[in-house]
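Per-entry structural report
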Amino acid sequence: MSPDTDHRIAVVPGSYDPVTNGHLDIIKRAAGLFDEVVVAVVNQSVRKSTAMFTIDERIGFITEALAEAGVTNVRVEPFYELVVAYARRIGAQAIVKGLRQISDFEYEMEMGHLNRQQAPEIESVFVMASPRYAFLSSSWVKELARFEGQIDELVPAPVAKLLAERVATAAAAD
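This text gives an overview of the structure that appears in the document. (Residues numbered from 1 in each chain as written. Predicted model: local features only at pLDDT ≥ 70, side-chain atom pairs only at ≥ 80, totals over all residues. Heavy atoms only, no water.)

**Things to note about the pattern of salt bridges**
Short version of the rule: Should a side-chain nitrogen of Lys or Arg be within 4 Å of a carboxyl oxygen of Asp or Glu, the pair is scored as a salt bridge. Starting at the N terminus, helices and strands are each numbered in turn, a helix being any DSSP run of H or I of at least four residues and a strand any DSSP run of E of at least two. Exposure classes here rest on a 1.4 Å probe applied to the protein chains alone. A residue is buried below 20% of its type maximum, exposed above 50%, and partly exposed in between.
Scanning all chains against the criterion turns up 12 salt bridges. Two residues, Arg75 and Glu36, come together in a salt bridge whose shortest N-O distance is 1.9 Å. Here the residue Arg75 occupies a position in strand 3 (residues 74-79), and Glu36 occupies one in strand 2 (residues 36-42), the gap between them amounting to 39 residues. Residue Arg75 is classed as partly exposed on the basis of its relative accessible area, which comes to 32%. With relative accessibility at 17%, the residue Glu36 sits in the buried group. Arg146 is paired through a salt bridge with Glu143; the nearest N and O atoms lie 3.9 Å apart. Taken together, the positions of Arg146 and Glu143, both in helix 5 (residues 138-146) and 3 residues apart, correspond to about one turn of that helix. Given the relative accessible area of 34%, Glu143 is considered partly exposed. Residues joined by salt bridges that share partners form a network here, namely Glu36, Arg75 and Glu77.

Okay, structure coming up:
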C-alpha cells in the first residue's frame, strides 16, 4: 500500500500489558498530530515475559479508555510481524514511540535506526512523556499491584480491577 500524503497514519506499537495512563497520554497526543492512529498491540513481545493479560483484554482496555476520552481517530488492533512491515502494510508514514527517560531514548534510537534501514519511507516520531507519567511503566504497575500499592491513578479503572483480581488469584494459588 503506498502512503497517502493527504491522510497521515501513524502506528503506536506496544505490548500494553497493561495499558497505563502514560500510554494513553502518548496515544491521545499522537491522535492530535495524525489523521489516523493505529495502536498496534503485539501478541507476544520478544523482549518481555509472558503477558499477564490476553491480547483481547489489552485491546479492550485501550479501546474502552479511548472511547471514554472521546478519541475518534484511533483504532486498536493486534499485529504479528515487524512493526515496520506492519506500518508499511497499512500505509503508515510514522511509528510513534513515547520516551520517559534516557534509557528509553537509547533503546528507541537503536530501534529507530533499524526500522529506518528496513523502511526508509517510515519516520520514527518520539513523543516525550508528560512529567506526571515519566516514571510510569507497565512493569511497575504490576509490581505495585502485587504488593497492594495504589494504582488507581496510573491505569484505567477496568485495568486496576482486573489486575487486582489476577494478583489475588495468584497469591491464593501460592
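From this point, the discussion proceeds with the structure in view.
**Observations concerning the sheet that holds strand 3**
Selection criterion: In this scheme, strands are said to pair when DSSP sees at least two bridges between them. Axes here mean lines fitted to C-alpha atoms, for a helix over just the part in contact, with angles spanning 0 to 180 degrees between N-to-C directions. Note on contacts: a residue pair is in contact if any heavy atoms of the two residues lie within 4.5 Å.
Strand order in the open sheet made by the 5 strands is 3-2-1-4-5, with parallel pairing throughout. Two strands lie at the open edges of the sheet, namely strand 3 and strand 5 (123-128), each paired on one side alone. The mean angle between the axes of side-by-side strands here comes to 30°, regardless of whether they run parallel or antiparallel. Where strand 2 meets strand 3, 6 bridges bridge the pair, whose relative direction is parallel. Opposite Val38, over in strand 3, you have Arg75 as the bridge partner. Against the sheet, helix 2 (residues 55-68) makes contact with strand 2 and strand 3, and its axis sits at roughly 170° relative to strand 3, the strand it touches most.

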